[in-house]
Amino acid sequence: GRGRQVIACAKSADLVLMVLDAAKEGQINHREILERELELTGMRLNKRPANIAYTPKATGGIKFNSMGIELTQMGDDPEETVKAIL
């Protein structure tokens, strides 16, 4: 269906509000399923944003620092991914 469109919209949003059917929550745990799927796409639900910083160098270029966290959703070389985006 429209799963990719919904996830793309959620990734660009500042707030994700899940409205669930309380009558069916006992049968299937929709909240856990939705949270797991969103976290698999790299969204950080109920967590602080990743502490990533870059500073321009005086001689040109940038310096990339991920502040000691493992960047699992940014490919084999996170520094190259950030440079490609910037």
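Residues numbered from 1 in each chain as written. Predicted model: local features only at pLDDT ≥ 70, side-chain atom pairs only at ≥ 80, totals over all residues. Heavy atoms only, no water.

**Notes on the layout of surface pockets**
Our working rule: Residues are called lining when one of their atoms sits within 4 Å of a cavity or pocket point, these points coming from a 1 Å grid over the protein atoms alone, where a cavity is a set in which a 1.4 Å probe fits but cannot get out and a pocket is an open set with protein on both sides within 12 Å along at least five of seven lines. Grid points are joined across faces, edges and corners, and a volume is the space filled by probe spheres set on the points. What counts as a helix is a DSSP run of H or I of at least four residues, what counts as a strand is a run of E of at least two, and both are numbered from the N terminus. Three categories are distinguished: nonpolar for Ala, Val, Leu, Ile, Met, Phe, Trp, Tyr, Cys and Pro, charged for Asp, Glu, Lys and Arg, and polar for the others, with Gly belonging to the last.
Roughly 200 Å³ of internal volume is contained in the second largest pocket. Lining the second largest pocket, in full, are G3, V6, I7, A10, V16, L17, M18, V19, L20, L34, E37 and L38. Tallying contributions element by element places helix α1 (residues 3-11) first for the lining of the second largest pocket, with four residues. For the lining of the second largest pocket, the class distribution of residues is 10 nonpolar, one polar and one charged.

**Focus on a nonpolar patch on the surface**
Under the convention used in this document: Distance thresholds for patches are 9 Å for like charges and 5 Å for nonpolar side chains (Val, Leu, Ile, Met, Phe, Trp, Tyr), applied to residues having over 30% relative accessible area and no salt bridge. Accessible surface is estimated by sampling points in the Shrake-Rupley manner with a 1.4 Å probe; for residues, cover comes only from the protein chains shown. In the sections that follow, a salt bridge refers to a side-chain nitrogen of Lys or Arg positioned within 4 Å of a carboxyl oxygen of Asp or Glu.
On the surface, a cluster of nonpolar side chains totalling about 410 Å² of accessible area is made up of L15, L17 and V19. By the element assignment, V19 lies in the loop between α1 and α2 (30-40).

**With respect to unusual backbone geometry**
Even without a glycine there, the phi angle at N46 is positive, about 55 degrees. Mapped onto the fold, N46 is located in the loop between α2 and β1 (53-56).

**Brief notes about the environment of V16**
Selection rule: Buried, partly exposed and exposed residues are distinguished by accessible area as a fraction of the type maximum, computed with a 1.4 Å probe on protein chains only: under 20%, between the cut-offs, and over 50%, respectively. Note on contacts: a residue pair is in contact if any heavy atoms of the two residues lie within 4.5 Å.
Looking at the secondary structure, you find V16 in the loop between α1 and α2. Looking at V16, the relative accessible area reads 32%, which means it is partly exposed. The spacing of V16 and L45 is 29 residues in sequence and 8.7 Å in space, taken between C-alpha atoms. Residues contacting V16, with those up to four places away along its chain left out, are A10, L38 and M43.

**Focus on the confidence of the model for the protein chain**
Where the model shows low pLDDT, its predicted coordinates should not be examined in detail. Using the following cut-off: pLDDT is a per-residue confidence score from the predictor, ranging from 0 to 100.
For the protein chain, per-residue confidence averages 77 on the pLDDT scale, and 83% of positions sit at 70 or higher. Predicted confidence in the protein chain is weakest over strand β2 (residues 62-65), with a mean pLDDT of 69, and strongest over α2, with 86.

**Description of the pattern of salt bridges**
Under the defined criterion, the tally for this structure stands at one salt bridge. Among the salt bridges present, the one from R31 reaches E35, with a minimum N-O distance of 3.0 Å. Of the two residues, R31 and E35 are both situated in helix α2; the distance of four residues between them amounts to about one turn of the helix.

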